[in-house]
Amino acid sequence: MGEAISNITYDLIKPRLNEAIMTAKATIEGKIERPDIVIADTLFPPGGSIRADLSQGVMKLYYGTSTDCTYTAIRDDTQEVCFMLNGHLEDGIPVDWWFIGPDDELLERRHIKLGYKLKDIPKKSKNLTEIGLRLIDILKDVRNERTPQWANSAYQTSAVWGTGAWNLAFEFSSYEGIAGLYDGVAAKTYGFPDYWFSYVPWPPLVQTAIYSGRRKFILFSVGLMSENRLYFQHLEYEWQEQTKRNFPEIWDVGIVQQWQKMGVPFPKQTLECQLPNFRKEKTFKNEDFGFNYPPGEWITLDKLQMELQDVFEGYFFDITHETDPQSVTDLPSLIISKGIGRHTTFLRYPT
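What counts, and at which threshold
- The numbering scheme is per chain: residues are counted from 1 as the chain's sequence reads.
- Reporting in this predicted model follows two pLDDT cut-offs: at least 70 for local features of residues, and 80 or more for side-chain atom pairs to be given and counted; totals over whole chains, interfaces and linings ignore these cut-offs and use all residues.
- Each side-chain value is worked out from all heavy atoms of the structure, with water and hydrogens disregarded.
- In this description a helix means any DSSP run of H or I spanning at least four residues, a strand means any run of E spanning at least two, and both kinds are numbered starting from the N terminus.
- The cut-offs for exposure are 20% and 50% of the maximum accessible area for each residue type, with area from a 1.4 Å probe on protein chains only; residues under the lower value are buried, those over the upper are exposed, and the others partly exposed.
- Paired strands, as defined in this entry, are two strands with at least two bridges between them according to DSSP.
- Working convention: axes come from line fits to C-alpha atoms, limited for helices to the stretch in contact. Angles between N-to-C directions cover 0 to 180 degrees.
- Only the six-membered ring of Trp is used, alongside the rings of Phe and Tyr, when aromatic pairs are assigned; centres must lie within 6.5 Å, and planes under 30 degrees apart are stacked while those over 60 apart are edge-to-face, with the rest tilted.
- Either the NZ atom of lysine or the CZ atom of arginine qualifies as a charge over a ring when it sits within 6 Å of the ring centre and within 35 degrees of the ring normal.

**Q** An account of unusual backbone geometry is requested, with residue identities and associated values reported.
**A** A cis amide bond, omega -10°, links Phe-44 with the succeeding residue Pro-45. Relative to the helices and strands, Pro-45 resides in the loop between strand 1 (39-41) and strand 2 (49-51). Omega for the bond connecting Val-200 with Pro-201 falls within 30 degrees of zero, at -10°, which places this linkage in the cis form. Along the polypeptide, Pro-201 turns up in the loop between strand 7 (197-200) and helix 7 (204-211). For Asp-91, which is not a glycine, the phi torsion comes out positive at approximately 55°. Its place among the elements puts Asp-91 in the loop between strand 4 (81-90) and strand 5 (93-100). Taking the relative accessible area as the measure of exposure, Asp-91 reaches 32% and is therefore partly exposed. A positive phi angle, near 75°, is found at Asn-228, a position not held by glycine. Along the chain, Asn-228 falls in the loop between helix 8 (214-226) and strand 8 (231-232). According to the relative accessible area criterion, Asn-228 is buried, its value standing at 19%.

Structural data, given as structure tokens:
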């Protein structure tokens, strides 16, 4: 998995992040016909999704009026920084981003007081919070050198272990993605020694939502992102081919078998899922790591009347956490739109 996260490159993420900026611009300019039924990419967090008409207000609510955030992926095996992705928001609108990979000379830059190379900070720090603080010491100077016009903007870092980042990239359901995010940021409450993901400093609204618990966090977050309607994340052709070619086992287990054997849970099932008790020794002794979902059928290829390749396009559904899975008899009729951002196709208009 460490090697997999190191294979995320500038060319791989460029289309999605540029589309996030262009969709936001088109929305502000009134060039998108129905932004209320268009799902757009986000810079914060990178690879996330949000309804186009809600993006500016939500991003400003979460992150403030002028903010940089550098998302830092750490290899689990070497505990070294393998890539960094920085985004900048102005008045809640994504306007700029940069990316550095594992061979970039910036990772050789040293902390002015500690002398550590940037790439080595994770292995020389106690936890993600300390990692984030030490990264900011270096990255603020980098930001001020590259974009001095934003020298007075707020600065955040978000450090993440590579396996956690990779797993979230393959969550199709918006509800499952937010649930996975919560599990990462709340890992210490489950009995783990540290978070899997962390912001430094935490956006106050995010921190408050975390303290409310898993169910309320999911509902709060998906409520802001899409007014609780389910959407499927899209997966670009380049991501598909890179994973198939370099990591066929990840593709087979994470994508093919998931859809052929299980599918994706309805939002109601995600909310009612029971996690293993990670505080008990026997959970690890017995490797009992299964998440227990309530009984009932999931969203499958058969129900969607799709082939596997079709689900990668991204879909917005007229389905919420109040939808009873057993009451859904015609799933395709609940698809509102297909695609992402400026390339969205409208299929129906919700009531």
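**Q** Tell me about the sheet that holds strand 5, and name the residues and values.
**A** If you walk across this open sheet you meet the five strands as 5-4-3-6-7, and the pairing is mixed. Each end of this open sheet is capped by a strand with a single partner; those strands are strand 5 and strand 7. With strand direction ignored, the average angle separating the axes of adjacent strands in the sheet is 15°. Two elements, strand 3 (residues 66-74) and strand 4, share nine bridges in a ladder whose sense is antiparallel. Each bridged residue has a counterpart across the sheet, and for Thr-67 the counterpart in strand 4 is Leu-89.

**Q** Account for the packing of aromatic side chains, with residues named and values stated.
**A** Counted under the stated rule, the structure contains 17 aromatic pairs. Aromatic pair Phe-172 and Trp-259: ring centres 5.6 Å apart, planes at 75°, arrangement edge-to-face. Of this pair, Phe-172 sits in the loop between helix 5 (162-169) and helix 6 (174-185) while Trp-259 sits in helix 10 (residues 248-262), and the two are 87 residues apart along the sequence. Phe-172 sits in the buried class, given a relative accessible area of 3%. Pairwise contacts between aromatic rings join Phe-172, Phe-232, Trp-251, Trp-259, Phe-312, Tyr-315 and Phe-317 into one cluster. It is Arg-146 that lies over the ring of Trp-98; its NZ or CZ is 4.6 Å from the centre.

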